[in-house]
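So the chains spell out like this:
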2 protein chains.
Amino acid sequence: MATKSTTATKANSEALFPSSKVAHFGEDKPLQLDAGVSLSPFQIAYETHGELNVDKSNAILICHALTGDQYCASEQPVTKKPGWWETLIGPGKPIDTERYFVICSNVLGGCLGTTGPASIDEKTGLPYGLNFPVLTIADMVRAQAMLIDYLGIDTLFSAIGGSMGGMQVLQWASSYPSRLFSAIPMATGAKHTSQNIAFHEVGRQAIMADPNWHGGNYAATNDIPSKGLAVARMTAHITYLSEPTLQRKFGRQLQNRDNVSFGFGADFQIESYLRHQGSSFVDRFDANSYLYMTRAMDYFDLAADNDGKLANAFSGTSTRFCLMSFTSDWLFPTSESRDVVHALNATGASVSFVEIESDKGHDAFLLNEPVMISTVTGFLNSAAEARGI
Amino acid sequence: MATKSTTATKANSEALFPSSKVAHFGEDKPLQLDAGVSLSPFQIAYETHGELNVDKSNAILICHALTGDQYCASEQPVTKKPGWWETLIGPGKPIDTERYFVICSNVLGGCLGTTGPASIDEKTGLPYGLNFPVLTIADMVRAQAMLIDYLGIDTLFSAIGGSMGGMQVLQWASSYPSRLFSAIPMATGAKHTSQNIAFHEVGRQAIMADPNWHGGNYAATNDIPSKGLAVARMTAHITYLSEPTLQRKFGRQLQNRDNVSFGFGADFQIESYLRHQGSSFVDRFDANSYLYMTRAMDYFDLAADNDGKLANAFSGTSTRFCLMSFTSDWLFPTSESRDVVHALNATGASVSFVEIESDKGHDAFLLNEPVMISTVTGFLNSAAEARGI
């Protein structure tokens, strides 16, 4: 059974030959990883928008979420869809590309051009597969810092991201406080909870249960673990939406029929929607990357990395923080943001926090949420004034 | 790869040759199904505890949940574990088997002896597999009513159950109001929500994605879709527990190690726990039954079956109701019970309702919850007095 679609091949080709800009780091610049090994050579695929000013003080790093990519404000080459954060980023928008120099890189371990499990291991001439080292959020951020160096930037004006992107923002603030003027972590937390890990583990088991996964070596075959990856995506997708959103959008409405079929087809609209989410994801994402990204999120625990005290992660910071959570987000509930706010308050940091009323669930940070947009605008304007931009 | 364990074979043997009592219904007593077909012959495997009194007025029907069985108060023959509701049922317990005659049958479509997809279709001499008709909760209840007839009982003193068991209780009250003196639906609702359907659909997709499922005909092979069924169970299991329970029981604690492994093994206790839940489930449950049970729950919508008005499902009822919900149950939140209470109030029914403070999630109804136990005791005592038992 052929399960490798043309688009999936295109996704794989973007992993190896990205459409975006690429920064190469040779054997003289190995990336030290938390797993105790180093990665070398490696590359980072990234996009930029706007111009770096003479002071090099106007750079904003956009950190993408689990299944996001560097195409935050330009067309995604595989799906041909607009950038995933065009509500926020562009000329005249809250993250104004006529004012700021916006950088967005595919994370380490990703599948859109930055080195990851689909990349070729120069030592073997074959794709890494599961020989790729298991990563942490701190590793991703370490790679981003090397990209910032490469671009000749000392200090970021801001780092902004939601979900796994928000974890990266928090890690930036902890690892490189002097290189970060401001930070906007959204819909995130300083750790992955037990329930978060549980959902990720289900997704990984679904992928690894697919015989087309071949122990991670599917690149050597004509298969991809499309069914397992689709199930993983379907599970995760439920957690991105709130129950009220599901009820409002789909409820118990039937899909193109007047009565239930007394069968196992997609009788309900919600079933049809989830199946579509699963199958379209397979066309644009790599199964091994999904394993690595979810694992990095599971491992994230800023308090544990700092002697069990979250405040230690930010001690003495002069970064200005603006956190946002969404009332109906049950994956990263407000309590997780509040823990970060308390830790920042304990260190005397400059922090503002907004819990946004929304019934759109975790994915609200990707949507047109007026309060989120006005909060980003206001916070960045005020920070830009302080920074003299 | 052999995936059929000895215990799984034992489970299959219980489907065909149950250890419990069996009521046979021959071709003269076909079961009319909502799918528009009839099932004949068929059998119901059941257990009883206590004695039916001379008036035949002390019978209580226990309705089990999705993965439950007739062994509510006696050892389960496959797992050798005690009955699943021994906290409530037994001599001197709230459902006192010295006072009441307790009946618990494996639901239609189940895999512990009542006719289901693992049973032999007499027309072909082969297991039904997906040729088994898709069922509804009303079909299950219709079969139970035939069992009650078979046992010579006209009116049940009570029907009691949680989750899918609670759906059956509500269906009993709607289908056979004159045959039901009292009803205790717990942790349930009058419909499956969009999010409920979504989680079930993920489970079904996981099973059907497993190549060992063989389109439902795995009985003809040496395989069982163990990996797919395990993933389905893992997903569902997360929804049975609350986030606080997961955090308290497992948090981010590691499994038999001091540090993360930088691999994809079960580093975290929650991963190990879920994997165990998945693999032990495969040993005791049939994958096709799982498809049929989840589908029946998805189809359940008592309001839709009654011209869109839930109150119509209970009009003129003289059954006494006692509903219970649990504060941390996010699968069947209190709002779902409240909808039923409002509908019952609108028909002038006798109804009491308790929302029980618990952080144990949906599975609370299976656990030692003092308020639940005292509520069942009090309600049954009062109903028994009214019934003259």
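Residues numbered from 1 in each chain as written. Chains lettered and ligands numbered in written order. Predicted model: local features only at pLDDT ≥ 70, side-chain atom pairs only at ≥ 80, totals over all residues.

Student: Please explain the sheet that holds strand E12 (residues 180-186) of chain B as it appears in this structure.
Tutor: Strand pairing in a sheet relies on backbone hydrogen bonds. The paired strands run either parallel or antiparallel. Residue and element names in this part refer to chain B. As summarised here, the arrangement of the eight strands in space is E1-E4-E8-E5-E11-E12-E13-E14, forming an open sheet in which the pairing is mixed. Looking along the sheet, the strands with just one partner apiece sit at the ends: strand E1 (21-25) and strand E14 (350-356). Between one strand axis and the next, the sheet turns by 20 degrees as a mean value, whatever way the strands run. Bridge count for strand E5 (residues 59-63) against strand E8 (residues 101-105) is four bridges, and the pairing is parallel. Paired with Leu61 across the bridge in E8 is Ile103. (Pairing = 2+ DSSP bridges. Helix = DSSP H or I, 4+ residues; strand = E, 2+ residues; numbered from the N terminus. Axes fitted to C-alpha atoms, helices over the stretch in contact; angles between N-to-C directions.)

Student: Quick question: what am I supposed to make of the relation of the copies chain A and chain B here?
Tutor: In summary, the two copies of the chain are related to each other by a rotation about an axis coupled with a shift along it. Least-squares fitting of chain A to chain B yields an RMSD of 0.0 Å, with the superposition described by an axial translation of 0.0 Å and a rotation of 180 degrees. Considering both components of the superposition, the chain copies are consistent with a two-fold axis. Both copies share a contact surface, since 100% of the interface residues of chain A are interface residues in chain B too. (Least-squares fit on C-alpha atoms with pLDDT ≥ 70 in both. Contact = placed C-beta atoms within 7 Å.)

Student: What is the right way to look at the environment of Tyr100(B) in this model?
Tutor: Residue and element names in this part refer to chain B. Assignment of secondary structure puts Tyr100 in the loop between strand E7 (95-96) and E8. Spatially, the C-alpha atom of Tyr100 lies 16 Å from that of Thr87, the residues being 13 residues apart in sequence. Not counting residues up to four positions away in its chain, the partners in contact with Tyr100 are Gly50, Asn58, Ile60, Ile95 and Phe157.

Student: When you look at the packing of helix H4 (residues 194-209) of chain A against helix H7 (residues 269-282) of chain B in this model, what are you seeing that I'm missing?
Tutor: Packed helix pairs are characterised by how far apart their axes lie and by the angle those axes make with each other. It is at 9 Å that the axes of H4(A) and H7(B) come closest, and there the two elements cross at 50 degrees. Taken together, the axes of H4(A) and H7(B) lie oblique to each other. Taken as a pair, H4(A) and H7(B) cross one another with a handedness that is right-handed. Counting all contacts with H4(A), which are made through Ser194(A), Ile197(A), Ala198(A) and Glu201(A), the residues of H7(B) involved are Ile270(B), Glu271(B) and Leu274(B). Looking at the contact of H4(A) with H7(B) residue by residue, the classes come out as four nonpolar, one polar and two charged. (Parallel < 35°, antiparallel > 145°, perpendicular 65-115°, else oblique. Left-handed = near helix turned anticlockwise from the far one by under 90°. Nonpolar A, V, L, I, M, F, W, Y, C, P; charged D, E, K, R; others polar.)

Student: Looking at this structure, I do not really get the interface of chain A and chain B. What am I missing?
Tutor: Where the parts come together, the accessible area they lose is often given as the size of the interface. Facing 42 residues of chain A, the contacting portion of chain B comprises 42 residues. Elements with a contribution of two residues or more to the side of chain A that touches chain B: H4, helix H5 (226-240), helix H6 (243-249), helix H7 (269-282) and helix H8 (287-299) of chain A. The element best represented in the side of chain A that touches chain B is H4(A), accounting for eleven residues. Here the residues of the side of chain A that touches chain B sort into 23 nonpolar, nine polar and ten charged.

Student: Just checking my understanding: could you explain the pairing of strand E13 (residues 320-326) of chain B for this structure?
Tutor: Along a regular strand, successive side chains alternate from one face of the sheet to the other. All names here are of chain B. When you tally the buried positions in E13, you get seven out of seven residues, the bulk of the element. Neither face of E13 is open: one carries Arg320, Cys322, Met324 and Phe326, the other Phe321, Leu323 and Ser325, and all of them are buried. Pairing of E12 with E13 involves three bridges; the strand directions are parallel. Residue pairing for E13: Met186 is matched across the bridge by Met324. Across seven bridges, the pairing between E13 and E14 is parallel. When the sheet's bridge partners are listed, Phe321 is paired in E14 with Val351. Of the crossover connections in this fold, the one passing from E13 over helix H9 (residues 334-346) to the parallel E14 is right-handed. (Buried ≥ 20, exposed ≤ 12 C-beta atoms within 10 Å, placed from the backbone. Right-handed = clockwise from strand over helix to strand, strands pointing away.)

Student: Honestly, the domain arrangement of chain A in this entry has me stumped. Any pointers?
Tutor: All names here are of chain A. As far as domains go, chain A holds domain 1 (6-192 + 306-387) and domain 2 (197-294). Look at where the C-alpha atoms of domain 1 and domain 2 centre, and you get two points 25 Å apart. A total of four residues in the side of domain 1 that touches domain 2 trace back to one element, the largest contributor, which is helix H1 (residues 6-16). Of the residues belonging to the side of domain 1 that touches domain 2, the class tally is 16 nonpolar, eleven polar and three charged. (Domains from an automatic or database assignment.)

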